[in-house]
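Okay, here's what each chain looks like letter by letter:
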Amino acid sequence: MNIAAIFAGGSGVRMHTKSRPKQFLELNGKPIIIYTLELFDNHPEVDAIVVACIEAWIPFLKKMIRKFEINKVVGIVPGGTTGQDSIFNALVEAERVAGGKEATVMIHDGVRPLITEQTISDNIKTVKEFGSCITCVPATETFVVEQGDGSLEIPERANSLIARAPQSFALRDIISAHRRAIDEGRHDFIDSCTMMSHYGYQLKTIIGPMENIKITTPTDFFVLRAMVEVHENQQIFGL
Ligand SMILES: C[C@](O)(CO)[C@H](O)COP(=O)(O)O
């Protein structure tokens, strides 16, 4: 089975929102996380969705899921202290939902509402073929990596990709990597591909759409608003 594990456990300090965490900011009366959930809910190959959410916001999320008629969410669990902990909580819930069956899990940020149906299909297919799938985009600027000794490493831009999401795996592999990290006292892996690479798993990348941005800062929110407007105008005016 194919399960989407959406993490929305963060409080969004980089967004500087006063009233609500960034995943619950609204566009046209609909929270960002609902835009994200709709993509997986409408995808014919997705069987179930689990969400790790800030505990205090779970009742509101449930209300929104009912209001916007999202049907495939079968589990909502509290987020953890770090992003890694939130993902782990969602994976444990995915394990419960899979009930011992083989499963592919697509780990996705609640604040990445602009992926396409094709990206989800490509993730499912690539995990079946290669065991993992990291959705990326080509780097359009140069990375400058500061080394501990004060020197800089500048990777070739032509070979550089930016990891985005979904980041997808066989459920048994990603959950065993998480359990290993926890046994080692680590809770600071920045994302799933970093963890899986650290533990020696072979990772397969695909190139996803440039529009697949993460709504992290106020600028991202303004870009999202413009993109949703363009999308609606396309539907209205057939542009
Ligand atoms: C998973 C991710 O979206 C890949 O780019 C990213 O690492 C999430 O980062 P955040 O710090 O949880 O916003």
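Predicted model, so just to flag it, every value in this text is computed and none were measured. (Residues numbered from 1 in each chain as written. Predicted model: local features only at pLDDT ≥ 70, side-chain atom pairs only at ≥ 80, totals over all residues. Heavy atoms only, no water.)

### Some words on the overall build of the protein
Along the backbone of the protein there are 7 helices and 11 strands. Relative to the globule expectation of 18 Å for 239 residues, the C-alpha radius of gyration of the protein, 18 Å, shows essentially globular dimensions. Within the protein, contacts between residues separated by at least 24 positions form 73% of all contacts whose residues are at least 6 apart in sequence. Here the protein displays about 12,300 Å² of accessible surface, and carbon together with sulfur accounts for 52% of that area. Within the protein, the 29 negative side-chain charges are centred at a point lying 5 Å from the centre of the 24 positive side-chain charges. (Helix = DSSP H or I, 4+ residues; strand = E, 2+ residues; numbered from the N terminus. Rg over C-alpha atoms; globule rule 2.2 N^0.38 Å. Contact = heavy atoms within 4.5 Å. Areas by Shrake-Rupley, 256 points an atom, 1.4 Å probe, with all protein chains shown as cover. Lys, Arg positive; Asp, Glu negative; His and termini not counted. Charge placed at Lys NZ, Arg CZ, Asp CG, Glu CD.)

### Some words on the pairing of strand β7 (residues 132–138)
On a regular strand, each side chain points to the face opposite its neighbour's, so the side chains alternate between the two faces of the sheet. Across the 7 residues of β7, 6 count as buried, placing the element largely inside the fold. Summarising the sheet, β7 and strand β10 (residues 161–170) pair through 6 bridges and their orientation is antiparallel. Note on β10: the bridge partner recorded for S132 is F169. Alignment of β7 against strand β11 (residues 205–207), held across 3 bridges, turns out to be parallel. Bridge pairing in β11 links T135 to I206. (Buried < 20%, exposed > 50% of the residue type's maximum accessible area, 1.4 Å probe, protein only. Pairing = 2+ DSSP bridges.)

### Looking at the sheet that holds β11
With respect to topology, 7 strands assemble into an open sheet ordered β5-β4-β1-β6-β10-β7-β11, the strand pairing being mixed. Every interior strand has two partners, whereas the edge strands, β5 (73–78) and β11, have only one. Neighbour to neighbour, the strand axes of the sheet diverge by 25 degrees on average, direction disregarded. Bridge count for strand β1 (residues 2–8) against strand β6 (residues 104–109) is 6 bridges, and the pairing is parallel. Along β6, the bridge assignment pairs I3 with V105. Packed onto the sheet, helix α2 (residues 58–67) meets β4 (48–53) and β5 and runs at close to 165 degrees relative to β5. (Axes fitted to C-alpha atoms, helices over the stretch in contact; angles between N-to-C directions.)

### Structural notes on a nonpolar patch on the surface
Together, V144, L152 and I154 make up a nonpolar patch on the protein surface, roughly 280 Å² of accessible area in all. Tracing the backbone through its elements, the reader meets V144 in the loop between β7 and β8 (145–146). Look at V144 and you get partly exposed, because its relative accessible area is 48%. (Patch = residues over 30% accessible without salt bridge, like charges linked within 9 Å, V, L, I, M, F, W, Y side chains within 5 Å. Salt bridge = Lys/Arg side-chain N within 4 Å of Asp/Glu carboxyl O.)

### A few points about the nonpolar core
Considering soluble globular proteins, one finds that nonpolar side chains tend to be buried as a cluster. Formed by 27 residues in total, the largest nonpolar core has its most connected members in L91, V105, I107, L171 and I174. Among the nonpolar cores identified, the runner-up in size contains 22 residues, and A4, V46, I65 and I115 belong to it. (Core = buried A, V, L, I, M, F, W, Y, C linked by side-chain atoms within 4.5 Å.)

### Structural notes on the pattern of salt bridges
Applying the stated criterion across every chain yields a total of 9 salt bridges. Each of E102, R172 and D173 takes part in one network of salt bridges that share partners.

### Quick word on helix α5 (residues 171–183)
At 3.6 residues per turn, the α-helix brings residues three or four places apart onto the same side. Between its first and last C-alpha atoms α5 spans 18 Å; for 13 residues at 1.5 Å apiece the expected length is 18 Å, and the two agree. The elements touched by buried residues of α5 are α3 (83–98), β6, β10 and α6 (192–198). One or two positions beyond α5, positive phi appears at G185, with a value near 75 degrees. (Expected span 1.5 Å × (residues − 1).)

### A closer look at the confidence of the model for the protein
It should be kept in mind that the predicted coordinates are not to be read in detail where pLDDT is low. When the pLDDT values of the protein are averaged, the result is 94; 94% of them are 70 or greater. This prediction of the complex comes with two scores: 0.94 for pTM and 0.92 for ipTM. (pLDDT = per-residue confidence, 0-100.)

### Remarks on a positive patch on the surface
On the surface, a cluster of positive charge is contributed by K62, K63, R66 and K67. Mapped onto the fold, R66 is located in helix α2.

### As for unusual backbone geometry
Between A165 and P166 the backbone carries a cis peptide bond, its omega angle lying at 10 degrees. Here P166 is to be found in strand β10. A positive phi angle, close to 50 degrees, is found at N28, a residue other than glycine. Looking at the secondary structure, you find N28 in the loop between β2 (26–27) and β3 (30–31).

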